[in-house]
Every structure is written in structure tokens, then in C-alpha cells.
Amino acid sequence: MQWPRGVWLVPRWWPALLYSAKNALAALMALGISLSVGQPLPFWAMTTVYIVANPVSAATRSKAVYRAFGTVIGAAVAVALVPMLVDWPLMLSLALALWVGGCLAVSLLDRSPRAYVLMLAGYTATIIGFPSVTRPEAVFDVAAARVTEILLGITCATVVHSLILPQSLGARLGPRLAAWLDDAETWLRDILETGDVPSLQAGVRDRQRLAVDAVDCLLLASHVPYDTSHWREANRTVQALLYRMLLLLPVLSGLADRRRGLGQDDALQPAMAHARTWLDAGANPAAQPDFLADEGPARGWSDLLRESFLVRLGQAGTVLGEARMLKARLDDPTLPLPPALTGERVQLRLNSDPGLALLSGLSATIAILLVCAFWILTGWPDGSGAAVLTGVFCCLFAAMDNPVPMILAFGVAITAGVPLAGIWLFGFLPNVDGFVPLCLVLLPPMLFVGAFLLNPRHGQLATAFMMGFFSALALQQEYTADLERFINSNIGQVLAVIASAGVTATVRSVATGAAVARLARRQRAELGRLASARTPPDPAHVLSHANDQLALITQRLGAGDAAATMGLREVRIAVNIAQIQVLRANADRPLRVACTRLLQTAARHFAQSAPGTPPPPALLVHIDRALRFTLGGAAPHTGHAGELIGSDRATGRAALVAFRRNLFPQGADFQPERTA
């Protein structure tokens, strides 16, 4: 569903209003069904609608499935723990706090939507368990009601967003993929025409921003299996296209580096002219020129740089051309693909941060225990609500470097919904009789606040506002409003915000600089592991991990920063190491020994030195020794883009040249013959 902007028939605010109306309809449907079947707490179903809703229908279905599983698991844990430990409040608090912290820590190790299952299982157990301590015999009924209401809200949201003007994932992801490929082709043309030496910082930022956009597309594509359009059957095609997007980043970056190293080399002009002509003709991989066909044996450093440039140029053309073919196949499933592309299986994985996961789980556990201790010591009748919300706040924003600002903003937004709920509860609802008048009374705030859900800056806060509004209303079968109970039960939100923000700030307060330094160290450690591996690594894993690290650094610092620039160079180094590993595995004994010594020296350097530390001169000696063993004629690059990290001699030699350029950009020129 793509709405044209700027047309008087379709104003700019129409998509937001339509999305708000769809959410309101789903929430009121859930409320009506819940009231009609006699569910005790129908506001849970209404809140669920706003939590799982997403403008992309596939994302709504994806989130709904994972939320359903997480709710059932959390409810089962609560039913098991509460009757067993209800006579020992401290033990019950400790068990539930450890369950939340453990689930949160494990969920942060998986950055896909699957992580939502464990996170929700964690705090659902507290939502059911803590309020049941005063009536442990009813914990099963509470759990059953919670599961039923959640499943009802999930079902209503899924039905409405799937049937009423649904937005296909392809309508959101397709244009982003096309724009990314256009930017990559523009980069390639800049390399061919100007050498890609941007005088403005914006040029550098645009290059590094491609990594962030590629990872964003990868995360969005995780919902493809839940789409109802032809994209659902094209998940393998989507993964193959994303793989080529990740390939293009180090290939184009390395191509630009070789171009700058060669300067105005007249010997490159014919190959670059052929490349420009080929791009103008549509970048058909079948018609791509063989840029190495006329290249003679490499005899000196300039010859090696030229050969490396031509190998990278061929790789860039192959990858870009195949990416265009895959994108065309996504747009039109009837278009044919070469067998090499149709049979390709790619698994892309993102990074996990065990240290951050452990600290996040620890902060959630401590915050819940502190609130439970206050609740037990003071005998506060409604302290369970504060304990529940503390776990929720700690979980929702744990993936951030510094969750405290968002916890405070989210808590303020939830609290802001309480006064409005009080006006409706004590001012309007006493005069309402019947379901239809109830809907008419609730509709204005739902439509107005819901219109902000599509806003990138205010969407989460609007969701929080609606959560606070519905929870404070606490609609039930009959109107029962008690001002004292209303105030007392909602005070817990303030305590929850203070506890979760305070403990999080104390346990895992990480400044942006410290977070970037940690990511840079992990990136270096990953390079060390790649270099010390005994077998060639999976190229897809290497690329997805390296680009994800670059995207995380760029998101924190902004593209164009020196650390982000270094991150892009280390993405190229990761690919170089993987290619050298393949070269070693397929080389004869002298070259294999030289590559082994090179990789061992590189592994020690990356594992033992801080980011930015100059590599040891011995590493340059080992690189040059390996290069000498590869001389003796240029072999043409073979294979398709899925085999970009190939085993032929020219590709391996190009990787060694690239490795040398990346680590020793100011090093002396390579000498083909050994000198004293």
C-alpha cells in the first residue's frame, strides 16, 4: 500500500489517520469480544493491539506469533512458581527477578524478531505472578485470562491489519533495496569517472551510511516469511540479494582504494571505458567484459595494484549485476534466474554482545528485587504493579547503549496517560450505558494519539501513552471506579521508572565513546579469530558480522567519524583474511606455509593490540613473501558472486595486495625479487 504524497485527494496526514483508525477498530473489536464472553480484564486485549501493531502487515503477524509463544511460556512459569514459593516472598521475588534477568540476557544474544519470545516470557511471568501473591489459589485463572486476552488482542490486530488495506512488506522493503542499489551503482560510477576522492565530508558519510541501510534492510527482511504477497515464497531470493549488498560494501571500498593508489593510470582507461559502457547498457552479468583478459603477468607493485583493481572491478560488476537480476525477480516472479542463483543458500547472522546482555539481565534482576523489597517492607497493597512495570521498563530498552533517557521518556508517556484516563473514568464513563456509546466515548483519544504512532520520533511514546491510558481505565464487565484505588495503583509507575532508570544507570551506564571502543575491540577480536581459524570461514557470516559491526559503530558516532572510517577499512580486512584463508587451503606447500605465517602474525596483532595500533613490520615481510609465491602469470577470475571469495590465483593475489594496502597504506612498494 503506497499512498502518493502531495495530492489533494490523499493528504499527507491520511496514512497516519488510517493507521490510527485500524488500530482503534482492532482494539474496540478486542474489547467487544472480551466483554461479550465475560473476560475479567479486557483492557489487556486492547493494550496488546497497540503493542503488536505495525504498519507492515507481515511485521504485525511476525510480532503476534512471537508474542503468543512468549505469553504462554511466561504464564506457565508463573503458574509453576507462585503456588510453590508464595509463603516465601523473598524467594518468590528472587525467582521471578532471576527469570526476567535470564530471559532478557538470552534474548539480547539474538537480534532477530525471535528474541521477542524470551523477552516477553520474562516479564509476562511477573505480570501474572506478582499480582497473584495475595490470591495464589487463583494464579491459574489469572494466567488463563492473561493468555486469552493477549491472544484475543493479537488476533484482532492481525485480522484488521491483514484485511483492511494491508501494506505488503515488499511495498516497504522493495523501494529501499532499489534505492540502495542505485546508491551503490553511483559509487561505482564515481570510482570509474573521478577516482572517488570526495572533497566533502558528505561523500564519506554517504559511503558509510550504506552499511547502516544494508543492516536495516536485513532486519526488515526477517519478516518476509510472514508476508502474504509473492515475497513470502522469495525469501531465498531476498537473502541472496542482501548477501550481495553486503558484498558490495568491501568490494567498492577496496576498488576505490586501488583507484586512489594507482592515480591517473592510462593503462586502466580501456577497462574503465568498457565498464561504463556495460553499466549504461543495463549491467547484464552475462555481457560483463573480462577485465583481466588483456592483462599481462604482474611484474611490479603497479602491476599488482592494477590487477587487484581489475579483479575488484570484475567482482563489483558481477555482484551488482546479479543483485539487479535478483531485485528484478522480486518485482516479477516470472523472470528467470541462472541456476547458480536459484540454487544458492545464504545464512546471514548479526552480532551479539554477551557482555551487554549479561549487564542488562543483571540490572533488570537488581531493579525488580529493590522494588520487591520496598513492597514487602512497607506492606504496600499495590506494590505488585511497580514490580511488574520495573521489569517491563528494563526489558524494553535493554538493547540500547544508554537506555535511561528512553526509560524516563517512556515512563513519562505512560504516566501522562493516567490523568486523561482519570478524566474519562470519572467524568464520562459514569454516564455511558452500552457498548456502542462506550466505543464513541473512547474513540477520540484513540484516534488522536494513534495518529502519532507512525511518527519516527513519537511512535513509541504514543504507544506508551495508550498503554498507560488503557491500564489506568482498567475496563471491566461493570463500572467500578474508586479514586483512592486509582491513585494508589498508578503511583507504582513513578516508582518503577525511578528504580529501573536508577539501577540501569548504575549497573550499565555506557557512554557513546565507551560503546564504540567496545565495538572496535570486538571487531579486532573477530579479525583475530578469522586469521587464526584452521579452515576457511563462511563468507556470508564474515560479511554479515563485519558489516553489522560497522553499522553499529556508524549509528552511534554518525557516518564520517574516524572510528567509522576505520570500521569500513576493517570490513575490507575481514574479507581479505577470508580470501587468504581460501588461498591457503588451495595452495601448494610453499605458498601455504607463507600464508600460514602471515595469518599467524596477523592473528597475534589483532588479538593483542588496541584499535589503531600500527601492524608489526614482520607482517609486511610475510605478506610480501606470500605475494612472491603467487607471481608467475595472471589467472582469470572464475565463479559467480556467491563464490566471490574464490580460490583462483589472481583473486588470491588481489586479496594479498588489498591486505597490504589496508594495513600498510604508506609502506614501501613491493619488490618482486627478495632484497637484502
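Parameters and conventions
Residues numbered from 1 in each chain as written. Predicted model: local features only at pLDDT ≥ 70, side-chain atom pairs only at ≥ 80, totals over all residues. Heavy atoms only, no water. Helix = DSSP H or I, 4+ residues; strand = E, 2+ residues; numbered from the N terminus. Buried < 20%, exposed > 50% of the residue type's maximum accessible area, 1.4 Å probe, protein only. Contact = heavy atoms within 4.5 Å. Areas by Shrake-Rupley, 256 points an atom, 1.4 Å probe, with all protein chains shown as cover. Phe/Tyr/Trp six-rings, centres within 6.5 Å; stacked < 30°, edge-to-face > 60°. Lys NZ or Arg CZ within 6 Å of the ring centre and 35° of its normal. Salt bridge = Lys/Arg side-chain N within 4 Å of Asp/Glu carboxyl O. Axes fitted to C-alpha atoms, helices over the stretch in contact; angles between N-to-C directions. Parallel < 35°, antiparallel > 145°, perpendicular 65-115°, else oblique. Left-handed = near helix turned anticlockwise from the far one by under 90°. Nonpolar A, V, L, I, M, F, W, Y, C, P; charged D, E, K, R; others polar. Polar contact = N/O pair within 3.5 Å; in protein donor to acceptor, adjacent residues only side chain to side chain. Disulfide = S-S within 2.5 Å. pLDDT = per-residue confidence, 0-100. Core = buried A, V, L, I, M, F, W, Y, C linked by side-chain atoms within 4.5 Å. Patch = residues over 30% accessible without salt bridge, like charges linked within 9 Å, V, L, I, M, F, W, Y side chains within 5 Å. Expected span 1.5 Å × (residues − 1).

Colleague: I keep staring at the overall build of the chain and nothing clicks. Help me out?
Modeller: From N to C terminus, the chain includes 24 helices and zero strands. Counting the 676 residues in the chain, one finds 55% classified as buried. For the chain, long-range pairs separated by at least 24 residues make up 80% of all intrachain contacts whose partners lie at least 6 apart in sequence. Surface summary for the chain: the accessible area is close to 28,000 Å², and the carbon and sulfur share equals 61%.

Colleague: Explain the packing of aromatic side chains here, please?
Modeller: Following the criterion strictly, the structure yields 13 aromatic pairs and no others. Put simply, the rings of Y50, W424, F428, F469 and F470 pair up and form one aromatic cluster. Directly above the aromatic system of W44 lies the positively charged group of R146, at a separation of 4.8 Å from the ring centroid. Its end group placed over the ring of W301, R660 keeps NZ or CZ at 4.6 Å from the ring centre.

Colleague: What is the right way to look at the pattern of salt bridges in this model?
Modeller: Where charged atoms of side chains with opposite charge meet at close range, the side chains can pair. For the structure on display, the rule yields 14 salt bridges. Two residues, R114 and D110, come together in a salt bridge whose shortest N-O distance is 3.2 Å. D257 is the salt-bridge partner of R258, the closest N and O atoms lying 2.8 Å from each other. For the pair R258 and D257, one class covers both residues: buried. Through salt bridges with shared partners, one network takes in D182, E185, R189, D280 and R324.

Colleague: Explanation requested: the packing of helix α7 (residues 169–194) against helix α10 (residues 269–280) in the structure shown.
Modeller: As a packed pair, α7 and α10 sit with axes 10 Å apart at the nearest point and diverge in direction by 150°. The angle between the axes of α7 and α10 places the two elements in the roughly antiparallel class. Both α7 and α10 take part in a crossing whose hand is left-handed. On α10, the residues that touch E185, L188, R189, L192 and E193 of α7 are M272, A275, R276, L279 and D280. Residue composition of the contact of α7 with α10, by class: five nonpolar, no polar and five charged.

Colleague: Explain the environment of S253 to me, please; I cannot follow it from the model alone.
Modeller: For S253, the position within the fold is in helix α9 (residues 235–262). In the structure, S253 is positioned 62 residues away from I191 in sequence and 9.5 Å away in space, judged by C-alpha atoms. A polar contact of 2.4 Å, which involves the side chain of S253, links it to the side chain of R572.

Colleague: Which parts of the structure should I look at to understand the state of the cysteines?
Modeller: Disulfide: a covalent bond formed between the sulfur atoms of two cysteine residues. The full count for this structure, using the stated rule, is zero disulfides. With no disulfide partner, C103 has as its closest neighbouring cysteine sulfur the one in C395, 8.3 Å distant. On the basis of relative accessibility, which here comes to 5%, the residue C103 falls in the buried class. Here C395 stays unpaired: no disulfide links it, and the sulfur of C394, its closest cysteine neighbor, is 6.9 Å away.

Colleague: Would you take a moment to explain unusual backbone geometry for this structure?
Modeller: Of all residues except glycine, most have a negative phi; of all peptide bonds, most are trans. With phi around 55°, A283 is a residue other than glycine that occupies positive phi space. Position of A283 among the secondary structure elements: in the loop between α10 and α11 (301–331). A positive phi angle, near 50°, is found at A474, a position not held by glycine. Its place among the elements puts A474 in the loop between α17 (459–473) and α18 (483–507).

Colleague: Before we go on, may I ask you to explain the environment of W380 in this structure?
Modeller: Following the sequence through the fold, W380 ends up in the loop between α13 (354–378) and α14 (383–396). As for W380 and N488, which are separated by 108 residues in sequence, their C-alpha atoms are 9.3 Å apart. In contact with W380, other than residues within four places in its own chain, are F374, W375, A386, N488, I491, G492 and L495.

Colleague: Explanation requested: the confidence of the model for the chain in the structure shown.
Modeller: Should pLDDT be low for a region, the predicted coordinates there are not to be read in detail. When pLDDT is averaged across the chain, the result is 82; 86% of the residues are at 70 or more. pLDDT under 50 marks residues 1–10. Its contacts with residues more than four places away, or in other chains, come to 18 contacts.

Colleague: Looking at this structure, how should I read the nonpolar core?
Modeller: Soluble globular proteins tend to bury their nonpolar side chains together. Of all hydrophobic cores here, the largest spans 95 residues; its most connected members are L173 and F659. Top element by residues in this core is α9. It accounts for 15 residues. Non-local contacts of F659, meaning those with residues more than four positions away in its chain, are made with I573, N576, I577, I580, L598, A602, L619 and I623. Core analysis: the next-biggest nonpolar cluster, separate from the first, contains 62 residues, Y116, A367, A464 and A501 among them.

Colleague: How should a nonpolar patch on the surface be read in this particular structure?
Modeller: Taken together, the side chains of L25, M29, V159, L163, I164 and L165 define a hydrophobic patch exposed on the protein surface, amounting to about 490 Å² of accessible area. Counting only elements with at least two residues in the nonpolar patch, the list comes to α1 (14–36) and α6 (139–163). By the secondary structure assignment, L25 is in helix α1. For L25, a relative accessible area of 39% gives the class partly exposed.

Colleague: Is there a simple way to think about α11 in this case?
Modeller: Within an α-helix, residues lying three or four positions from one another point in the same direction, as the helix has 3.6 residues per turn. When the terminal C-alpha atoms of α11 are compared, their 45 Å separation across 31 residues agrees well with the 45 Å that a helix rising 1.5 Å per residue should span. Most of α11 sits out of view: 25 of its 31 residues are buried.

Colleague: Explain the side chain of Q288 here, please?
Modeller: Assignment of secondary structure puts Q288 in the loop between α10 and α11. Residue Q288 is classed as buried on the basis of its relative accessible area, which comes to 17%. Here the side chain of Q288 touches G314 through a polar contact of 2.9 Å, landing on its backbone oxygen. Beyond its immediate chain neighbours, meaning those up to four positions away, Q288 contacts W278, G314, G317 and T318.

Colleague: What is the right way to read the packing of helix α15 (residues 404–428) against α17 from this model?
Modeller: Packed helix pairs are characterised by how far apart their axes lie and by the angle those axes make with each other. Between α15 and α17, the least distance of the axes is 7 Å, while the angle of their chain directions is 40°. When the axes of α15 and α17 are compared, the pair comes out oblique. As for how α15 packs across α17, the hand of that crossing is right-handed. Residues M406, A409, F410, A413, I414, A416, G417, V418, L420, A421, W424 and L425 of α15 form the contact with α17, whose participating residues are Q460, L461, A464, F465, M467, G468, F469, A472 and L473. Taken together, the residues that form the contact of α15 with α17 break down as 18 nonpolar, three polar and no charged.

Colleague: It is not clear to me how the side chain of S93 should be interpreted in this structure. Could you clarify?
Modeller: The residue S93 is located in helix α4 (residues 89–107) in this model. On the basis of relative accessible area, S93 is assigned to the buried category, the value being 5%.

Colleague: Would you mind going over α14 with me for this structure?
Modeller: For α14, with 14 residues, the first-to-last C-alpha span of 21 Å sits near the 20 Å given by 1.5 Å per residue. Listing the buried residues of α14 in full gives G383, S384, A386, A387, V388, L389, T390, G391, V392, F393, C394 and C395. Residues of α14 that are buried in the fold lie against α4, α5 (115–129), α13, α15 and α18.

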